[in-house]
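Single-letter residue listing:
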Amino acid sequence: MRIAVCVSGGGTNLQAIIDAIEAGTVTNTEIAVVIANNPGAYALERAKNHGIEAVCVSPKSFESRDAFNRALLETVDSYHVDLIVLAGFLVVIPEEMIRRYRNRIINIHPSLIPSFCGTGFYGLKVHEGALARGVKVTGATCHFVDEGTDTGPIILQKAVEVLENDTPEVLQRRVMEQAEWIIMPKAIDLIANGKVSVSDGKVHIEN
Ligand code: GAR
């Protein structure tokens, strides 16, 4: 299976995917390209360090959102990928892309959906929300992308404890280490090995 990994920032989830492929815990998978929406994304360096093709498609280089959306879709199409992985990609995915890649786009979100998700909940804001509400358990969710924000079929979730004195940064790191970096590669491996199907908006995983 060929995948495109879309990133905006540090790329620790990308790194977890690269490491899992190199370790053989994710099989049948090749990263065809890493796509960033900003040229400063450290994730681009991570890709290059591993000999993976890395490109930047920035909204700033285009006159309109439509033109950016078209360029993003053309870039993805040109690599003939089977799966698009959003690994901290802070861009609203064009509807045309969602239609064309139905149940072939996955996202990692740093909470247990349907908590702390939807418009405005991304990155540290998710963990700020969890701490403000005083939840004792949070986690991460890997899901397919549909037209809504964080509303698509859920593939895998993993819970993580919230501890006394957590800051958003400390909690973010624990959620990454104990959940995101585990379930994102696992979901890719399951999909690459034909174990995942979607019906009635729900994911079924074969043993
Ligand atoms: C991750 O925590 C990911 O779950 C989150 O952005 C971070 C990216 O980190 N994504 C969202 O909030 C999407 N709504 P990374 O660049 O180190 O992988």
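A few points on the structure. These figures come from a predicted structure and were not determined experimentally.

Bringing the nonpolar core into the picture now. The tendency in soluble globular proteins is for nonpolar side chains to be buried side by side. Ranked by internal contacts, the top residues of the largest apolar core, which has 42 residues, are Val-5, Ile-31, Val-85, Ile-106 and Ile-155. Broken down by element, this core gets its largest block of residues, 9 residues, from helix α6 (residues 168-192). Those residues in contact with Ile-106, other than ones at most four positions away along the chain, are Leu-83, Ile-84, Val-85, Leu-86, Cys-142, His-143, Phe-144, Val-145, Ile-155, Ala-187, Ile-188 and Ile-191. With 23 residues, the next largest nonpolar core counts Cys-6, Val-57, Ala-71 and Tyr-101 among its residues.

Before going further, it helps to spend a moment on the sheet that holds strand β6 (residues 137-144). Taken in spatial order, the 7 strands make up an open sheet running β3-β2-β1-β4-β5-β6-β7, and their pairing is mixed. Every interior strand has two partners, whereas the edge strands, β3 (54-56) and β7 (154-161), have only one. Within the sheet, the average angular offset between the axes of one strand and its neighbour, ignoring direction, is 20°. The sheet contact formed by strand β1 (residues 2-7) and strand β2 (residues 30-36) spans 6 bridges and is parallel. Across the sheet, residue Ile-3 finds its bridge partner in β2, namely Ile-31. This element, α6, spans β1, β4 (83-86), β5 (105-109), β6 and β7 of the sheet and lies at about 155° to β7.

Applying the stated criterion to the full structure yields 2 aromatic pairs. With a centroid separation of 6.2 Å and 75° between ring planes, the pair formed by Phe-116 and Phe-121 is classed as edge-to-face. Taking relative accessible area as the criterion, Phe-121 reaches 29% and is therefore assigned partly exposed.

Scoring rules and cut-offs
Residues numbered from 1 in each chain as written. Predicted model: local features only at pLDDT ≥ 70, side-chain atom pairs only at ≥ 80, totals over all residues. Heavy atoms only, no water. Core = buried A, V, L, I, M, F, W, Y, C linked by side-chain atoms within 4.5 Å. Buried < 20%, exposed > 50% of the residue type's maximum accessible area, 1.4 Å probe, protein only. Helix = DSSP H or I, 4+ residues; strand = E, 2+ residues; numbered from the N terminus. Contact = heavy atoms within 4.5 Å. Pairing = 2+ DSSP bridges. Axes fitted to C-alpha atoms, helices over the stretch in contact; angles between N-to-C directions. Phe/Tyr/Trp six-rings, centres within 6.5 Å; stacked < 30°, edge-to-face > 60°.

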